[in-house]
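# Architecture at a glance
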Amino acid sequence: MAEHKEEKFSYTYAAPTARERREIEEIRRQYMPAKAEGTALEQLKKLDRRVHKVPVVAAACTGTVGTLVFGLGMAMVLEWALTAGGIAVAAVGAVMAVCAYFVNRGLRAKLKDKYGPEILRLSEKILQGDRAEAEQK
């Protein structure tokens with residue numbers, strides 16, 4: 001008689017959790033080729049960020065440099081006894097720090113004028129798409 005050996009097959013499957021799946025997708029997205037255009041919403045967000053963040057960065061840099069120059073002028077007066085020169089340098093720094101507000105305002109207005117039509121076009125395109133989807137339902 002032929003001996004019959006029992007052969008068992010064991011298979012274990014573990015799917016990633018929702019958190020692990022999100023993490024995997026995030027890593028995967030980093031290695032995917034970049035889209036040339038992106039979606040209209042992504043373009044809209046990118047332009048809006050540019051309009052709002054560039055002026056803030058420029059104003060922060062202007063204000064920081066102005067504050068440092070002001071501090072240099074104060075140091076010239078208080079530490080090195082260079083009163084006239086220190087007051088002049090501090091005044092220049094104070095004017096630069098105040099100009100930061102106007103840099104922010106002016107640059108934001110300029111960028112709104114530059115990117116405004118494109119932002120309006122993209123937002124209209126997105127809204128028209130939503131209306132078309134709502135009409136289909």
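Residues numbered from 1 in each chain as written. Predicted model: local features only at pLDDT ≥ 70, side-chain atom pairs only at ≥ 80, totals over all residues. Heavy atoms only, no water.

### Here we look at the nonpolar core
Counting residues in each nonpolar core, the largest one holds eight residues, listed as Ala-40, Leu-44, Leu-47, Val-51, Leu-111, Tyr-115, Ile-119 and Leu-122. Counting only elements with at least two residues in this core, the list comes to α2 (40–78) and α3 (83–136). Look past the residues within four positions of Val-51 in its chain and what remains in contact with it is Arg-108, Leu-111, Lys-112, Tyr-115 and Ile-119. (Core = buried A, V, L, I, M, F, W, Y, C linked by side-chain atoms within 4.5 Å. Buried < 20%, exposed > 50% of the residue type's maximum accessible area, 1.4 Å probe, protein only. Helix = DSSP H or I, 4+ residues; strand = E, 2+ residues; numbered from the N terminus. Contact = heavy atoms within 4.5 Å.)

### Regarding the state of the cysteines
One pass over the full model with this rule turns up zero disulfides. There is no disulfide at Cys-61, and the cysteine sulfur nearest it, in Cys-99, is 15 Å away. (Disulfide = S-S within 2.5 Å.)

### Regarding the packing of aromatic side chains
What the rule picks out here adds up to one aromatic pair. Where Tyr-101 meets Phe-102, the ring centres are 5.1 Å apart and the plane angle is 80°; that geometry is what we call edge-to-face. Residue Phe-102 is classed as partly exposed on the basis of its relative accessible area, which comes to 46%. (Phe/Tyr/Trp six-rings, centres within 6.5 Å; stacked < 30°, edge-to-face > 60°.)

### Points about the pattern of salt bridges
Applying the stated criterion across every chain yields a total of three salt bridges. The salt bridge involving Glu-23 is made with Arg-19; its shortest N-O contact spans 3.4 Å. Residue Glu-23 and its partner Arg-19 are located together in helix α1 (residues 18–31), separated by four residues, close to a single helical turn. Overall, the relative accessible area of 55% leaves Arg-19 in the exposed class. One salt bridge in this structure joins Arg-121 and Glu-118, with 2.7 Å as the shortest N-O distance. Separated by three residues within a single helix, Arg-121 and Glu-118 lie in helix α3, roughly one turn from each other. With a relative accessible area of 31%, Glu-118 lands in the partly exposed category. (Salt bridge = Lys/Arg side-chain N within 4 Å of Asp/Glu carboxyl O.)

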